[in-house]
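The primary structure of each chain is shown beneath.
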Amino acid sequence: MTEFPGLIPGGGDLAAFLSANKRAVDAALTDAGALVFRGFDVPNPHTFDATIEGYGETGFTYEDSLSNAVRTNVTPRVFTANEAPPSTEIFLHHEMAQTPLYPCKLFFYCEVAPGAGGATPLCRSDWVLERLAEQSPAFVARLEAEGVRYTNVMPASDDAGSGQGRSWRSTLSVADEAAAEARLKELGYSWEWLEDGSLRVTTAALPAVRSLEDGRTTFFNQLIAAFRGWADSRSDPNKAITFGGGEPITSEDMAPAIAIADELTHDLNWQAGDVALIDNFTVMHGRRPFEGKRRVLASLIA
Ligand code: FE2
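Given the structure is predicted, the values throughout are model-derived calculations rather than measurements.

Attention shifts here to the pairing of strand β16 (residues 275-279). With five of five residues buried, β16 is to be regarded as a mostly interior element. Burial of β16 is two-sided: the residues Val275, Leu277 and Asp279 facing one way and the residues Ala276 and Ile278 facing the other way are all buried. In terms of strand pairing, strand β2 (residues 34-38) meets β16 through four bridges, oriented antiparallel. Within the sheet, the bridge partner assigned to Val36 lies in β16 and is Ala276. Inspection of the sheet shows strand β6 (residues 105-112) paired to β16 by five bridges, in the antiparallel sense. Paired with Phe107 across the strands is Leu277, a residue of β16.

In structure tokens, the structure reads:
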């Protein structure tokens, strides 16, 4: 079994290392699914930005995304990973797999290591799917045949107290209700305006299993995060996910997936200056609750 995540110790300029070793790094990434660069000289967000430039692939901007997390840009390519409070656990997910627009890779950078807790759990979702298909073949067959739909409520203005508190104006990049509806129509979403000005949306049926070029399949979705975590003042996690046909995905359906994923999860315990590169199609990530300061920044690759 490949070491997971792959650890690449080093020193000096990580931007230069990535640009000189791009092919080898990409091969290692395909193999491991996640790489951690440790010991390099990455003292601040600007060096992190330069590191991403050194890697040399096109960025995927938060602004253009349909992400439901509240984030703040630090440099044009770098933003805070999620503004949700420290006590909030963010459960395993593939970045933005609950929308039709998602990045293929993610960079994370630890500027300030957490005092206690705050690891980034990582989980190979090809391994999860393999085990789940053995244990719950009917569930996996149904996910493959129907896909899944996600329902969430977007507030009228940003709510940084929630892991999915991004307002509908910001999420959809629109100024008013009419423009929001036009954008949702384009995306194939259905919607309902709520009395407090928030907006409940349900996606079109999105794939829940992804086939990779090399023939592997992965549990590429946000089922675990949506089922376990989309609870806030607006959203009921029991209504967050359905099969593509509209029937609910139950806790009985989800229990084996959650248990397998938990068992296969490896916590990345951050050290200041660490940079992680994650293949968003093979590896799920999350965030453990933490105490004290913690600053982990993110950047997405299109
Ligand atoms: Fe994420």
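There's more to say after this.
Strand order in the open sheet made by the four strands is β10-β11-β9-β14, with antiparallel pairing throughout. Of all the strands in the sheet, just β10 (190-193) and β14 (241-243) have a single pairing partner and so form its edges. Here the average twist between neighbouring strands, direction ignored, is 15°. Looking at chain direction, strand β9 (residues 148-154) and β14 are connected through three bridges and run antiparallel. Paired with Val148 across the strands is Phe243, a residue of β14. The strands touched by helix α5 (residues 137-146) are β9 and β14; relative to β14, the strand with the most contacts, the crossing angle is about 85°.

With respect to topology, seven strands assemble into an open sheet ordered β1-β2-β16-β6-β19-β4-β3, the strand pairing being mixed. What marks the edges here is a single partner per strand, and that holds for β1 (6-9) and β3 (73-75). Mean inter-strand twist for the sheet, computed between neighbouring axes without regard to direction, equals 25°. Across two bridges, the pairing between strand β4 (residues 78-80) and strand β19 (residues 295-301) is antiparallel. Residue pairing across strands places Phe79 opposite Ala298, the latter belonging to β19. In the packing of helix α2 (residues 22-32) onto the sheet, the strands contacted are β1, β2, β6 and β16, and the crossing angle to β2 comes to about 130°.

Tallied over the full model, the rule gives 19 salt bridges. A salt bridge links Asp26 to Lys22; the shortest N-O distance between them is 2.5 Å. With Asp26 and Lys22 both in helix α2, this residue pair falls four residues apart, about one helical turn. The buried category is assigned to Asp26, whose relative accessible area is 18%.

Attention now goes to the domain arrangement of the protein chain. With domains assigned, the protein chain is organised as domain 1 (6-125 + 266-301) and domain 2 (134-261). In this structure, domain 1 and domain 2 have C-alpha centres spaced 23 Å apart. Counting residues at the interface gives 32 residues for domain 1, matched by 33 residues for domain 2. At the boundary of domain 1 with domain 2, total buried surface from both sides reaches about 2700 Å², with 59% on carbon and sulfur atoms. When the area that domain 1 buries against domain 2 is broken down by residue, the three leading residues are Asn68, Phe91 and Gln98, summing to 24%. Applying the counting rule to domain 1 against domain 2 returns zero salt bridges. The tally of links from domain 1 across to domain 2 stands at ten residue pairs in polar contact (both at pLDDT 80 or more). Secondary-structure elements contributing two or more residues to the side of domain 1 that touches domain 2 are β5 (90-93) and β8 (120-124). Broken down by element, the residue count for the side of domain 1 that touches domain 2 peaks at three residues, all from β5. By residue class, the composition of the side of domain 1 that touches domain 2 is 16 nonpolar, twelve polar and four charged.

Conventions adopted
Residues numbered from 1 in each chain as written. Predicted model: local features only at pLDDT ≥ 70, side-chain atom pairs only at ≥ 80, totals over all residues. Heavy atoms only, no water. Buried < 20%, exposed > 50% of the residue type's maximum accessible area, 1.4 Å probe, protein only. Helix = DSSP H or I, 4+ residues; strand = E, 2+ residues; numbered from the N terminus. Pairing = 2+ DSSP bridges. Axes fitted to C-alpha atoms, helices over the stretch in contact; angles between N-to-C directions. Contact = heavy atoms within 4.5 Å. Salt bridge = Lys/Arg side-chain N within 4 Å of Asp/Glu carboxyl O. Domains from an automatic or database assignment. Buried area = accessible area lost by both parts, 1.4 Å probe. Polar contact = N/O pair within 3.5 Å; in protein donor to acceptor, adjacent residues only side chain to side chain. Nonpolar A, V, L, I, M, F, W, Y, C, P; charged D, E, K, R; others polar.

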